[in-house]
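These are the residues of each chain, in order.
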Amino acid sequence: MHYVYILESLAHSNHWYVGVTNDLRKRLAQHNTGDSVHTNKFKPWKVKNYFAFENRNIAENFEAYLKSKSGRAFSKRHFPSRDESRRSGIAESTER
């Protein structure tokens, strides 16, 4: 499986990161240990959402979409940050 994931910084809830991997647990650990130059200054991170794909090419295309202007708007509308959820009255799920 190939996962497109959205990370949210626990320290800075308005910072998100979108990536693709075939090992989500390992990749999250790498982000949280500072192995990624793109995410190390906003760690720790939590997985906000992830999407599973059998085909790597489709996963990469979806990742590219989420990183586009319209994809960012889609993400903000459907997956608001903790701060945006509080301001809009949306309850945050506590399920794990």
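This text gives an overview of the structure that appears in the document. The shown structure was predicted, so the numbers you read here are calculated from the model rather than taken from an experiment. (Residues numbered from 1 in each chain as written. Predicted model: local features only at pLDDT ≥ 70, side-chain atom pairs only at ≥ 80, totals over all residues. Heavy atoms only, no water.)

Summing up its helical and strand segments, the protein has four helices and three strands in all. In the protein, the order of α-helices and β-strands from amino to carboxyl end is β-β-α-β-α-α-α. Classification of the 96 residues of the protein by burial places 33% in the buried group. Taking the contacts inside the protein whose residues are at least 6 apart along the sequence as the reference set, 58% of them involve residues at least 24 apart. Here the protein has roughly 6400 Å² of accessible surface; of this, 49% comes from carbon and sulfur atoms. (Helix = DSSP H or I, 4+ residues; strand = E, 2+ residues; numbered from the N terminus. Buried < 20%, exposed > 50% of the residue type's maximum accessible area, 1.4 Å probe, protein only. Contact = heavy atoms within 4.5 Å. Areas by Shrake-Rupley, 256 points an atom, 1.4 Å probe, with all protein chains shown as cover.)

Right, let's talk about the packing of aromatic side chains for a bit. With the rule as written, the count across this model stands at eight aromatic pairs. Residues F74 and F79 carry aromatic rings whose centres are separated by 6.0 Å and whose planes lie at 80° to one another, so their mutual orientation is edge-to-face. Among the residues examined, F74 registers a relative accessible area of 23% and is labelled partly exposed. Taken together, the ring pairs connect F51, F53, F62, Y65, F74 and F79 into an aromatic cluster. (Phe/Tyr/Trp six-rings, centres within 6.5 Å; stacked < 30°, edge-to-face > 60°.)

What follows concerns helix 2 (residues 56-67). The terminal C-alpha atoms of helix 2 lie 17 Å apart, and with 12 residues this matches the ideal 16 Å at 1.5 Å per residue to within 8%. For helix 2, the side-chain oxygen to backbone nitrogen distance between the N-cap and N57 is 2.8 Å, and the N-cap itself is N55. (Expected span 1.5 Å × (residues − 1). Polar contact = N/O pair within 3.5 Å; in protein donor to acceptor, adjacent residues only side chain to side chain.)

Looking now at the environment of Y5. With respect to the helices, strands and loops of the structure, Y5 is situated in strand 1 (residues 2-9). For Y5, a relative accessible area of 1% translates into the label buried. Considering only alpha carbons, one finds Y5 and A59, 54 residues apart in sequence, at a separation of 9.9 Å. When residues no more than four places from it in sequence are discounted, the contact partners of Y5 are Y17, V18, G19, V20, T21, L24, R27, H31, N49 and Y50. Engagement of the side chain of Y5 in a polar contact is seen with the side chain of R27, the distance being 3.4 Å.

Right, let's talk about the packing of helix 2 against helix 3 (residues 69-78) for a bit. Contact geometry of helix 2 with helix 3 gives a least axis separation of 4 Å together with a crossing angle of 80°. Looking at the two axes, helix 2 sits roughly perpendicular to helix 3. Note on element contacts: helix 3 touches helix 2 through K69, S70, G71, R72, F74 and S75, opposite Y65, L66 and K67. Its residues placed into classes, the contact of helix 2 with helix 3 shows three nonpolar, three polar and three charged. (Axes fitted to C-alpha atoms, helices over the stretch in contact; angles between N-to-C directions. Parallel < 35°, antiparallel > 145°, perpendicular 65-115°, else oblique. Nonpolar A, V, L, I, M, F, W, Y, C, P; charged D, E, K, R; others polar.)

Taken in spatial order, the three strands line up as 2-1-3 in an open sheet, and their pairing is antiparallel. Whereas interior strands pair on both sides, the edge strands pair on one side only; in this sheet they are strand 2 (16-21) and strand 3 (45-53). With strand direction ignored, the average angle separating the axes of adjacent strands in the sheet is 20°. (Pairing = 2+ DSSP bridges.)

Attention now goes to unusual backbone geometry. For the bond running from K43 to P44, omega is 0°, close enough to zero to count as cis. Within the secondary structure layout, P44 lies in the loop between helix 1 (24-33) and strand 3.

Everything listed is a geometric property; what it means functionally is a separate question.
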